[in-house]
Structures are given as C-alpha cells and as structure tokens.
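# Structure at a glance
Spelled out from the first residue to the last, the chains are:
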Amino acid sequence: MKTLFYNIKELFQVRENNTEILKGSQMKELPSIKNAFLVVENDLIADYGAMENAPAEYDESVDVSGRMIMPSYIDSHTHIVYAGNREQEFVDRINGLSYDEIYQRGGGILNSVEKLRKASEDELYIDAANRLEELIALGTGVIEIKSGYGLSLEAELKMLRVIKKLQEKYPVKIKATFLGAHAIPPEFKGNQSGFVTAICNEMIPEIAQSGLADYVDAFLETGYFTVEETQKIIQAATKHGLKAKIHVNQFTAINGVAMCVEENVLSVDHLEIVTDADIAALQKGRTIPVALPTCSYFISIPYTPARKMLEANLPLVIASDYNPGTTPSGNMNFVVATACIKMKMTPEEAFNAATLNAAYALEVQNEYGSITKGKKASFFITKPIHSIYAIPYNFGSDLVETVYLNGKKQ
Ligand SMILES: N=CN[C@@H](CCC(=O)O)C(=O)O
Ligand SMILES: [Zn+2]
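Note that the structure is predicted; figures quoted are calculated from it, not measured. (Residues numbered from 1 in each chain as written. Chains lettered and ligands numbered in written order. Predicted model: local features only at pLDDT ≥ 70, side-chain atom pairs only at ≥ 80, totals over all residues. Heavy atoms only, no water.)

### Topic: the overall build of the protein
When helices and strands are counted, the protein shows 15 helices and 16 strands. Across its three principal axes, the protein shows a C-alpha extent of roughly 70 × 45 × 45 Å. Here the protein holds 410 residues, and the buried ones make up 59% of them. A separation of at least 24 residues holds for 75% of the contacts in the protein among residues at least 6 apart in sequence. A total of about 16000 Å² of accessible surface is found on the protein, and carbon and sulfur atoms cover 48% of it. The positive charge centre, built from 39 side chains, and the negative charge centre, built from 51, are 1 Å apart in the protein. (Helix = DSSP H or I, 4+ residues; strand = E, 2+ residues; numbered from the N terminus. Buried < 20%, exposed > 50% of the residue type's maximum accessible area, 1.4 Å probe, protein only. Contact = heavy atoms within 4.5 Å. Areas by Shrake-Rupley, 256 points an atom, 1.4 Å probe, with all protein chains shown as cover. Lys, Arg positive; Asp, Glu negative; His and termini not counted. Charge placed at Lys NZ, Arg CZ, Asp CG, Glu CD.)

Here it is, written out as structure tokens:
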C-alpha cells in the first residue's frame, strides 16, 4: 500500500541521512521542506520532497493543505503505570509542604507503592492504557515506561507485565525500564543496604531473565540512593546485559553524573541542578542528558540549565516524566512549550530534543525520530497553523489533528 500525503504546508525534521545525535549549536536547525509531499509505503517512509516532484502513482492520497507534519514525539521518560492519584499531596504542596517533607511522612513514592501493591494487574492495565491513548492522540509515537511503584520482585514484575501488555496491544513503540531503586520500601526500612543487595542479587537477575525490561534505572538522590549504591545497581544490570538510565540531580548534585558517565549509562535524567563538574563529565562521554521541564513546572523546582549545557556543546533531550507525584501530564506539546518558555530553548531546539535526540535516549534512532527514507512512518499532522511555532506559542491548545503510527491512521 502506497499513500501520498500532498500539499503539506511544511514537512519537518527531514534528514537525508540518519543523523544520530545533535549537540550544542547543531540543535538550532530543524530542517524542513515547504509545500511538500510524503510517500508512505506500508509502515515506512518511502519518499518525500517538494510538491512539484510528487509521484503520479499511488494507492491512496491524503490532502494536508494548510497543515504541517512532524515526526512523532519520543517520550523517553515516563512512569505511566500507577494506581490512584496523588491529588491530596498536590494540595499539601500548595499549602506549604515540600516534596521531601511529604516523602518523610511516608507519602510521595511510598504513597503510590501502597496503592500499586493493592491494585490488580487488570486495573493497572486499564488506567495505563487510558493514559497511553491520550498520549498517542497528542502526538507521542515512542515511549519509555518505568516500573518503580512495586519495590518487591512480585509487584515490580506485575508492573512490567502491564507494560508488556501495552506493548502487545498498541502500535506505539514502548521501551520498559525496571526502577527497583526508586525508594526504600517499608519492609526494608532501616536496612537500605539489604534492599540494594536484593535489587542486585535477586531482582535484576530475575527481571533480566524474564525479558520484561530493556533498561534499569535508580533514583540517585540525597535521601534516596547514594552514588555507590547506584553504581552497584548499574554494574549488576550491566552484568545481566541491561543498560542503565538514571534519575540524577533532581534536587542535589552529589557527583552522581560523573559516575554515570564513567559507567557509560545511556542517559542521565532530571538534571535540575547541574554543576560545572557535571557538564565537564558529560562532555567526556556518550551518556545523553535528559531534561524534564514539566516536572520543574509542576513541583516548582529549578529548570535544567539548557542554555548553559548547549553552550558547552552538549546534546539535550526533553521528556515528560509523566507520573502521579511530580508530573501528572505526558503532553509532549506542553513539554516543548515549557522548554521554550522556561528553559529558553528555541522551538527548533525543543523539537530536536523531543524527536531526534530523544530517539538516541531510547536507542531507536535507526527507526524513529526524523523524516528519513526507511524509517517508520510515525508522525502527526497539525491542525491548520501559520508556523510550527504555534505549538509552543499556543501552549494550552491541542494542535495535533491526526496521528499516523507505522503508516496507519490512529
Ligand atoms: N524522582 C523520582 N521519580 C519521579 C517521581 C516519582 C513520584 O513522586 O512518584 C520523578 O522522576 O520525578
Ligand atoms: Zn522520573
């Protein structure tokens, strides 16, 4: 089946060759073709170009007049499998409690752990599937989903099985991450080292064996997991053939980034607090930094210093962090807008961070992230707009009209 999309007002993120990653000033350019065509054959991008070169033969055609096409968003950091909500903590923060104070009282992540352990696999699946359907309609075509609200082998496997079911049922590409080291569960209170040992010696081997996870994650943060504990977890994961993606520098900088780069982790995520030493460490390795602007927005913490990092010629990814505690939204259009408005990224930089560079953070750069021949035909068509700047500019509007995943209209 050959489909011609014609009269595209502007076709974005067109890359003749498969560019792997954009650093620093390279992120300023978002290549596009005005008045373009796009040919999709089955699930792949077959051709594109200026309208005057559009092919005359095809099986069906779609008129894209007045509208623009962007490759699907790649959301490389989410926690969309969870039970219930944390609306009361939201109000508690408005009334003056901090995220840490709520955690110290047994809330925060542990609140979600208690709820998740009680929920059935089917209940978790229904809620997560509803969230995923909303995100697909908002333009997300590839997503990473973490466990981390079970914190026992049994409950973590329950979460990972829910993610597997989502992978089987939805055309969106899903990567799964085991986040056993998210917080200390009640049964290990006062025995943090015992929990880390259980993660390394029991949970990681079993989870690697199950094939349910692509990556391992840990919350490297003051009051959660230390640099040394996280290093042990990364090394145990490596031993079992799993790469790591690490939550780090959300509230404090404790030299975790340098260790992560040394251990060659795939990505370091959050980075609301970034020191010069962190930047120097990132410059030396292939670990990609991931900022989560809507987390900063929701819990009123500093934003990742994007300008400083781009000036240091680093690459940057933006992702949603969709989770019940710090970011109960996975709208990547709003993530792009927040990156522009609060982190002073240009729209071109923000779209590059949410598509092409994000593909690298999930190792899907050969299939997704740009309009390149041979890549998956996963993209969204906007509503009629003047320019692509409308997406961050009209930050409260949904400007995604139609979504195609693997060549199929959703
Ligand atoms: N900070 C660690 N994990 C999540 C929040 C988890 C929660 O509060 O439920 C995050 O990325 O922000
Ligand atoms: Zn997170």
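### Description of the site of ligand 1
Neighbouring ligand 1 are 15 residues; Y99, Y149, Q250, H270 and T326 lie closest to it. Between ligand 1 and H270 there is a distance of 2.7 Å, counted from an oxygen atom to a side-chain nitrogen or oxygen. For ligand 1, the accessible surface in isolation is 330 Å², of which the surrounding protein chains cover 100%. Among the residues making up the shell around ligand 1, the classes are represented as four nonpolar, nine polar and two charged. (Near = heavy atom within 4 Å. Polar contact = N/O pair within 3.5 Å; in protein donor to acceptor, adjacent residues only side chain to side chain. Nonpolar A, V, L, I, M, F, W, Y, C, P; charged D, E, K, R; others polar.)

### Looking at the packing of aromatic side chains
Across all of its chains, the model carries twelve aromatic pairs by this definition. Ring centres of Y73 and F380 lie 5.1 Å apart, and the angle between their planes is 40 degrees; this geometry places the pair in the tilted category. Here the residue Y73 occupies a position in strand β6 (residues 73-75), and F380 occupies one in strand β14 (residues 379-382), the gap between them amounting to 307 residues. You'll find Y73 and F380 in the same group, each marked buried. Considering the side-chain rings of F90 and F298, the 5.3 Å spacing of their centres and the 10 degrees angle between planes classify their relative orientation as stacked. On the criterion of sequence distance, the pair formed by F90 in helix α1 (residues 87-94) and F298 in helix α10 (residues 293-299) is long-range, its members being 208 residues apart. (Phe/Tyr/Trp six-rings, centres within 6.5 Å; stacked < 30°, edge-to-face > 60°.)

### Focus on the UniProt feature "binding site: 4-imidazolone-5-propanoate" (unreviewed entry) in the protein
The UniProt record marks R86, Y149, H182, Q250 and T326 with the feature "binding site: 4-imidazolone-5-propanoate" (unreviewed entry), using the residue numbering of this structure. In this structure, Y149 sits in the loop between β7 (140-146) and α5 (153-169). Here Q250 is to be found in the loop between β10 (243-248) and α8 (256-262). When its relative accessible area of 3% is taken as the criterion, Q250 is described as buried. With near-sequence residues (within four places) excluded, Q250 lies in contact with F219, E221, H270, E272, I273, C295, I299, I301 and T326. (UniProt positions renumbered as here; feature names shortened; annotations may be inferred.)

### Quick word on helix α4 (residues 121-137)
Relative to the 24 Å expected for 17 residues at 1.5 Å per residue, α4 spans 24 Å between its end C-alpha atoms, a close match to the ideal helical length. Contact partners of the buried residues in α4: α3 (109-118), β7, α5, β8 (173-181) and β15 (400-405). Just past α4, the residue G139 takes up positive phi, approximately 110 degrees. (Expected span 1.5 Å × (residues − 1).)

### Here's the deal with the coordination of the zinc ion (ligand 2)
Surrounding the zinc ion (ligand 2) are the protein donor atoms H77 (NE2), H79 (NE2), H247 (NE2) and D321 (OD), at 2.0 to 2.3 Å. As a motif over one chain, the donors of the zinc ion (ligand 2) read H-x1-H-x167-H-x73-D. Here H79, found in the loop between β6 and α1, pairs with D321, found in the loop between β13 (317-318) and α12 (332-343); they are 242 residues apart in sequence, far enough to count as distant. Comparing H79 with D321, the two get one shared label, buried. (Donors = N, O, S within 2.8 Å, 3.2 Å for Na, K, Ca; no water.)

### Details of the nonpolar core
Ranked by internal contacts, the top residues of the largest apolar core, which has 109 residues, are L166 and I318. Each of two domains, domain 1 (2-71 + 370-409) and domain 2 (74-361), supplies a minimum of three residues to this core. Not counting residues within four places of it along the chain, the set of residues in contact with I318 comprises I74, A291, P293, M332, V335, V336, A339, M345, A350, A353 and A354. By size, the runner-up hydrophobic cluster in this structure holds 19 residues, among which are I74, L266, V290 and C295. (Core = buried A, V, L, I, M, F, W, Y, C linked by side-chain atoms within 4.5 Å. Domains from an automatic or database assignment.)

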